[in-house]
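Structural overview
Letter by letter, the chains look like this.
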Amino acid sequence: MAKDYFSHLSSEEKHILKDKGTEVSFTGKYNDFYEAGVFVCRACKNPLYESNTKFNSGCGWPSFDDEMAGAIVRYEDLSGGRIRTEICCANCDGHLGHVFEGEQITGKDTRHCVNSLSIKFIPHTNLEQATFGAGCFWHVEKVFKTTEGIYLSSVGYMGGDSENPTYKEVCKGNTYHAEVVHLYFNPDKVSYEDLSQIFWDNHNPTTLNKQGVDEGTQYRSVIFYHSDKQKSIAEKSIIPQQSKWKNPIVTQVLPAKKFYRAEEYHQNYLNKNNLGSCGL
Ligand SMILES: [Zn+2]
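Cut-offs applied
Residues numbered from 1 in each chain as written. Predicted model: local features only at pLDDT ≥ 70, side-chain atom pairs only at ≥ 80, totals over all residues. Heavy atoms only, no water. Pairing = 2+ DSSP bridges. Helix = DSSP H or I, 4+ residues; strand = E, 2+ residues; numbered from the N terminus. Donors = N, O, S within 2.8 Å, 3.2 Å for Na, K, Ca; no water. Tetrahedral: all angles 85-135°; square planar, octahedral: opposite > 155°, others 65-115°. Buried < 20%, exposed > 50% of the residue type's maximum accessible area, 1.4 Å probe, protein only. Contact = heavy atoms within 4.5 Å. Axes fitted to C-alpha atoms, helices over the stretch in contact; angles between N-to-C directions.

Once that is clear, we can look at the sheet that holds strand S3 (residues 54-55). With antiparallel pairing, six strands are arranged side by side in an open sheet as S3-S4-S8-S7-S6-S5. In the strand order of this sheet, the two ends are held by S3 and strand S5 (72-77), each with one partner. The pairing of S5 with strand S6 (residues 84-89) spans six bridges and is classified as antiparallel. Within S6, the position partnered with Arg74 by the bridge is Ile87.

Below is the structure:
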(Lines give C-alpha, C1' and ligand atoms only; values in the text may rest on other atoms or scores of the structure.)
Protein backbone atom coordinates (compact mmCIF):
# COMPACT_ATOMS: atom_id res chain seq x y z
CA MET A 1 0.00 0.00 0.00
CA ALA A 2 1.26 3.49 -0.81
CA LYS A 3 2.46 5.54 2.12
CA ASP A 4 -0.14 7.97 3.43
CA TYR A 5 1.55 11.35 3.40
CA PHE A 6 -1.60 13.30 4.17
CA SER A 7 -3.01 11.80 7.38
CA HIS A 8 -1.05 14.15 9.68
CA LEU A 9 -2.25 17.31 7.89
CA SER A 10 -4.89 19.74 9.16
CA SER A 11 -8.20 19.87 7.30
CA GLU A 12 -7.16 23.16 5.61
CA GLU A 13 -3.87 21.60 4.44
CA LYS A 14 -5.63 18.44 3.24
CA HIS A 15 -8.10 20.55 1.29
CA ILE A 16 -5.20 21.97 -0.73
CA LEU A 17 -2.68 19.13 -0.97
CA LYS A 18 -5.06 16.17 -1.28
CA ASP A 19 -8.25 17.68 -2.70
CA LYS A 20 -6.50 20.23 -4.96
CA GLY A 21 -8.05 23.27 -3.29
CA THR A 22 -6.85 26.86 -3.46
CA GLU A 23 -6.31 29.18 -0.51
CA VAL A 24 -7.72 32.72 -0.69
CA SER A 25 -5.19 35.07 -2.36
CA PHE A 26 -3.14 37.43 -0.17
CA THR A 27 -3.93 35.36 2.94
CA GLY A 28 -1.08 32.83 2.89
CA LYS A 29 1.82 32.96 5.33
CA TYR A 30 4.46 33.03 2.58
CA ASN A 31 2.89 35.44 0.10
CA ASP A 32 4.95 38.41 1.33
CA PHE A 33 7.93 36.54 2.77
CA TYR A 34 11.52 36.81 1.54
CA GLU A 35 13.85 35.16 4.04
CA ALA A 36 16.64 32.82 2.94
CA GLY A 37 15.98 29.12 3.06
CA VAL A 38 14.24 26.29 1.31
CA PHE A 39 10.53 25.55 0.93
CA VAL A 40 9.64 21.88 1.42
CA CYS A 41 6.40 20.02 0.75
CA ARG A 42 4.16 20.34 3.80
CA ALA A 43 2.97 16.74 3.40
CA CYS A 44 6.20 14.80 2.83
CA LYS A 45 9.03 17.33 3.50
CA ASN A 46 10.44 16.94 -0.03
CA PRO A 47 12.55 20.07 -0.85
CA LEU A 48 10.77 21.99 -3.65
CA TYR A 49 11.99 25.57 -4.01
CA GLU A 50 15.04 27.58 -2.97
CA SER A 51 13.99 30.98 -1.64
CA ASN A 52 16.32 32.75 -4.09
CA THR A 53 13.86 31.80 -6.83
CA LYS A 54 10.96 33.50 -5.04
CA PHE A 55 9.61 36.77 -6.38
CA ASN A 56 6.61 39.05 -5.98
CA SER A 57 4.27 38.56 -8.93
CA GLY A 58 1.50 40.56 -7.28
CA CYS A 59 -0.92 37.64 -7.71
CA GLY A 60 -1.38 37.05 -3.97
CA TRP A 61 0.24 33.60 -3.78
CA PRO A 62 3.92 32.67 -3.32
CA SER A 63 5.63 32.80 -6.72
CA PHE A 64 8.83 31.04 -7.77
CA ASP A 65 10.56 31.16 -11.14
CA ASP A 66 12.37 27.84 -10.81
CA GLU A 67 12.03 24.52 -9.01
CA MET A 68 14.61 22.24 -7.43
CA ALA A 69 15.70 19.53 -9.88
CA GLY A 70 13.20 16.69 -10.04
CA ALA A 71 11.00 18.14 -7.28
CA ILE A 72 7.84 18.88 -9.28
CA VAL A 73 5.54 16.95 -11.61
CA ARG A 74 3.22 18.68 -14.09
CA TYR A 75 -0.26 17.67 -15.23
CA GLU A 76 -2.62 19.18 -17.75
CA ASP A 77 -5.58 20.69 -15.85
CA LEU A 78 -8.76 21.35 -17.81
CA SER A 79 -10.91 22.29 -14.81
CA GLY A 80 -12.79 25.58 -14.72
CA GLY A 81 -13.00 25.81 -18.52
CA ARG A 82 -9.33 26.73 -18.83
CA ILE A 83 -6.19 24.91 -19.91
CA ARG A 84 -3.66 25.15 -17.12
CA THR A 85 -0.67 23.18 -15.90
CA GLU A 86 -1.08 21.80 -12.42
CA ILE A 87 2.05 21.29 -10.32
CA CYS A 88 2.41 18.60 -7.67
CA CYS A 89 5.14 17.34 -5.37
CA ALA A 90 7.12 14.66 -7.25
CA ASN A 91 7.44 12.55 -4.10
CA CYS A 92 3.92 12.44 -2.63
CA ASP A 93 1.87 13.89 -5.51
CA GLY A 94 0.43 16.57 -3.19
CA HIS A 95 -1.15 19.51 -5.03
CA LEU A 96 0.93 22.70 -4.94
CA GLY A 97 -0.73 25.03 -7.45
CA HIS A 98 -0.18 25.84 -11.13
CA VAL A 99 2.70 26.96 -13.31
CA PHE A 100 2.48 29.69 -15.95
CA GLU A 101 4.93 30.64 -18.68
CA GLY A 102 5.35 33.62 -20.98
CA GLU A 103 4.35 36.37 -18.54
CA GLN A 104 7.83 37.95 -18.71
CA ILE A 105 7.99 38.91 -15.03
CA THR A 106 11.46 37.49 -14.36
CA GLY A 107 14.29 36.43 -16.66
CA LYS A 108 13.23 32.78 -16.41
CA ASP A 109 9.75 33.71 -17.67
CA THR A 110 8.10 31.11 -15.43
CA ARG A 111 5.78 31.52 -12.45
CA HIS A 112 5.09 28.64 -10.11
CA CYS A 113 1.97 29.87 -8.30
CA VAL A 114 1.97 27.90 -5.04
CA ASN A 115 -0.35 27.76 -2.06
CA SER A 116 1.34 28.73 1.22
CA LEU A 117 -0.47 25.82 2.86
CA SER A 118 1.28 23.36 0.50
CA ILE A 119 4.76 24.35 1.61
CA LYS A 120 6.84 24.89 4.74
CA PHE A 121 9.87 27.16 5.10
CA ILE A 122 13.14 25.83 6.53
CA PRO A 123 15.74 28.62 7.03
CA HIS A 124 19.33 28.28 5.83
CA THR A 125 21.01 28.63 9.24
CA ASN A 126 24.53 28.88 7.78
CA LEU A 127 23.84 32.29 6.23
CA GLU A 128 24.34 35.79 7.67
CA GLN A 129 22.66 39.04 6.62
CA ALA A 130 24.37 42.24 5.48
CA THR A 131 22.87 45.57 4.37
CA PHE A 132 24.56 48.41 2.48
CA GLY A 133 23.38 51.74 1.11
CA ALA A 134 25.63 53.28 -1.53
CA GLY A 135 23.42 55.29 -3.83
CA CYS A 136 21.00 53.97 -6.44
CA PHE A 137 20.21 50.41 -5.37
CA TRP A 138 20.08 49.09 -8.95
CA HIS A 139 23.81 49.63 -9.28
CA VAL A 140 24.65 48.38 -5.76
CA GLU A 141 22.73 45.15 -6.27
CA LYS A 142 24.43 44.46 -9.59
CA VAL A 143 27.84 44.74 -7.95
CA PHE A 144 27.01 42.31 -5.14
CA LYS A 145 24.92 39.86 -7.15
CA THR A 146 27.92 38.43 -8.94
CA THR A 147 29.95 38.02 -5.74
CA GLU A 148 30.81 34.44 -4.75
CA GLY A 149 29.10 33.41 -1.52
CA ILE A 150 26.00 35.61 -1.93
CA TYR A 151 22.94 33.34 -1.73
CA LEU A 152 20.24 36.00 -1.97
CA SER A 153 20.29 39.70 -2.75
CA SER A 154 17.27 42.00 -2.70
CA VAL A 155 16.91 45.75 -3.03
CA GLY A 156 14.71 47.78 -0.73
CA TYR A 157 14.51 50.42 1.94
CA MET A 158 15.88 50.67 5.47
CA GLY A 159 16.55 53.23 8.15
CA GLY A 160 13.48 55.43 7.85
CA ASP A 161 10.41 55.82 9.99
CA SER A 162 7.50 54.87 7.74
CA GLU A 163 6.25 51.31 7.32
CA ASN A 164 5.97 49.60 3.93
CA PRO A 165 7.35 52.57 1.99
CA THR A 166 6.92 52.74 -1.77
CA TYR A 167 9.59 53.87 -4.22
CA LYS A 168 7.58 57.00 -4.89
CA GLU A 169 7.46 57.89 -1.20
CA VAL A 170 11.16 57.23 -0.73
CA CYS A 171 12.02 59.37 -3.77
CA LYS A 172 10.20 62.33 -2.26
CA GLY A 173 13.05 62.27 0.27
CA ASN A 174 11.13 62.76 3.50
CA THR A 175 10.85 59.15 4.74
CA TYR A 176 14.57 59.03 5.62
CA HIS A 177 14.68 55.49 4.24
CA ALA A 178 17.89 54.69 2.39
CA GLU A 179 17.97 52.67 -0.81
CA VAL A 180 19.83 49.51 0.21
CA VAL A 181 20.88 46.10 -0.97
CA HIS A 182 20.06 43.39 1.53
CA LEU A 183 22.20 40.26 1.35
CA TYR A 184 22.21 36.74 2.71
CA PHE A 185 25.77 35.46 2.44
CA ASN A 186 27.71 32.34 3.34
CA PRO A 187 30.53 33.44 5.69
CA ASP A 188 32.52 30.30 4.78
CA LYS A 189 32.71 31.58 1.20
CA VAL A 190 32.87 35.36 1.56
CA SER A 191 33.73 37.39 4.66
CA TYR A 192 32.01 40.50 5.93
CA GLU A 193 35.37 42.26 5.49
CA ASP A 194 35.27 41.36 1.79
CA LEU A 195 31.70 42.63 1.43
CA SER A 196 32.66 45.88 3.17
CA GLN A 197 35.55 46.28 0.73
CA ILE A 198 33.18 45.86 -2.23
CA PHE A 199 30.96 48.53 -0.67
CA TRP A 200 33.90 50.99 -0.39
CA ASP A 201 35.22 50.23 -3.87
CA ASN A 202 31.93 50.97 -5.62
CA HIS A 203 30.79 54.40 -4.46
CA ASN A 204 31.99 57.76 -3.24
CA PRO A 205 31.63 57.80 0.58
CA THR A 206 32.50 61.50 0.88
CA THR A 207 29.43 63.09 -0.75
CA LEU A 208 26.73 63.75 1.85
CA ASN A 209 23.27 62.51 0.74
CA LYS A 210 24.47 62.40 -2.84
CA GLN A 211 25.85 59.77 -5.19
CA GLY A 212 26.76 60.88 -8.69
CA VAL A 213 23.76 62.72 -10.10
CA ASP A 214 21.39 61.29 -7.48
CA GLU A 215 20.65 63.60 -4.56
CA GLY A 216 18.64 63.03 -1.40
CA THR A 217 18.90 61.20 1.92
CA GLN A 218 17.75 57.98 0.20
CA TYR A 219 21.13 57.90 -1.60
CA ARG A 220 23.24 58.31 1.53
CA SER A 221 26.27 56.13 2.21
CA VAL A 222 25.39 53.81 5.08
CA ILE A 223 26.29 50.43 6.53
CA PHE A 224 23.50 48.79 8.53
CA TYR A 225 25.12 46.21 10.81
CA HIS A 226 23.37 43.04 12.02
CA SER A 227 25.70 42.16 14.93
CA ASP A 228 28.33 43.73 17.19
CA LYS A 229 30.95 41.88 15.15
CA GLN A 230 29.72 43.50 11.93
CA LYS A 231 29.66 46.90 13.66
CA SER A 232 33.28 46.55 14.73
CA ILE A 233 34.41 45.36 11.24
CA ALA A 234 32.48 48.19 9.55
CA GLU A 235 33.89 50.90 11.83
CA LYS A 236 37.46 49.61 11.43
CA SER A 237 37.08 49.41 7.65
CA ILE A 238 36.59 53.19 7.42
CA ILE A 239 40.14 53.99 8.61
CA PRO A 240 42.15 52.70 5.60
CA GLN A 241 39.59 54.20 3.21
CA GLN A 242 40.05 57.77 4.39
CA SER A 243 43.54 58.03 2.87
CA LYS A 244 42.01 57.42 -0.59
CA TRP A 245 39.80 60.51 -0.43
CA LYS A 246 40.48 64.24 -0.15
CA ASN A 247 37.24 64.98 1.72
CA PRO A 248 36.12 63.31 4.94
CA ILE A 249 34.10 60.09 4.75
CA VAL A 250 30.46 60.73 5.72
CA THR A 251 29.31 57.08 5.76
CA GLN A 252 26.94 56.18 8.59
CA VAL A 253 27.34 52.94 10.56
CA LEU A 254 23.95 52.15 12.07
CA PRO A 255 22.11 49.17 13.58
CA ALA A 256 19.93 47.35 11.02
CA LYS A 257 16.23 48.15 11.14
CA LYS A 258 13.41 46.37 9.36
CA PHE A 259 14.14 45.76 5.69
CA TYR A 260 11.32 46.61 3.29
CA ARG A 261 11.74 44.78 -0.03
CA ALA A 262 11.24 47.15 -2.97
CA GLU A 263 8.71 46.66 -5.73
CA GLU A 264 9.49 43.67 -7.98
CA TYR A 265 10.49 45.74 -11.01
CA HIS A 266 13.45 47.12 -9.03
CA GLN A 267 14.83 43.66 -8.24
CA ASN A 268 17.81 42.75 -10.43
CA TYR A 269 16.86 45.81 -12.48
CA LEU A 270 20.02 46.38 -14.52
CA ASN A 271 20.32 42.72 -15.55
CA LYS A 272 16.62 42.46 -16.39
CA ASN A 273 16.84 45.55 -18.57
CA ASN A 274 20.26 44.78 -20.10
CA LEU A 275 21.72 47.98 -18.72
CA GLY A 276 25.36 48.27 -17.74
CA SER A 277 24.79 50.92 -15.11
CA CYS A 278 22.33 53.54 -14.02
CA GLY A 279 24.57 56.43 -14.93
CA LEU A 280 27.01 56.46 -12.03
ZN1 LIG B 1 5.30 15.95 -1.00
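A separate point is the coordination of the zinc ion. At 2.3 Å from the zinc ion lie its protein donor atoms, namely Cys41 (SG), Cys44 (SG), Cys89 (SG) and Cys92 (SG). Metal-centred angles of 102 to 115° between the four donor atoms at the zinc ion mark the site as tetrahedral. Donor residues for the zinc ion sit on one chain with the sequence pattern C-x2-C-x44-C-x2-C.

Summarising burial for helix H2 (residues 137-145): seven of the nine residues are buried, a large majority. Considered for burial, the residues of H2 that qualify are Phe137, Trp138, His139, Val140, Glu141, Val143 and Phe144. Buried-residue contacts for H2 involve strand S10 (128-134), strand S11 (150-158), helix H3 (167-172), strand S12 (178-185), helix H4 (192-201) and helix H6 (269-272).

Further remarks concern the sheet that holds strand S9 (residues 119-123). Here we have three strands laid out as an open sheet, ordered S2-S1-S9, and antiparallel in their pairing. Two strands lie at the open edges of the sheet, namely strand S2 (47-50) and S9, each paired on one side alone. Direction aside, neighbouring strands of the sheet carry axes that sit 30° apart on average. Bridge analysis of strand S1 (residues 37-41) against S9 gives five bridges, and the strand direction is antiparallel. Its bridge partner lying in S9, Phe39 is registered against Phe121.

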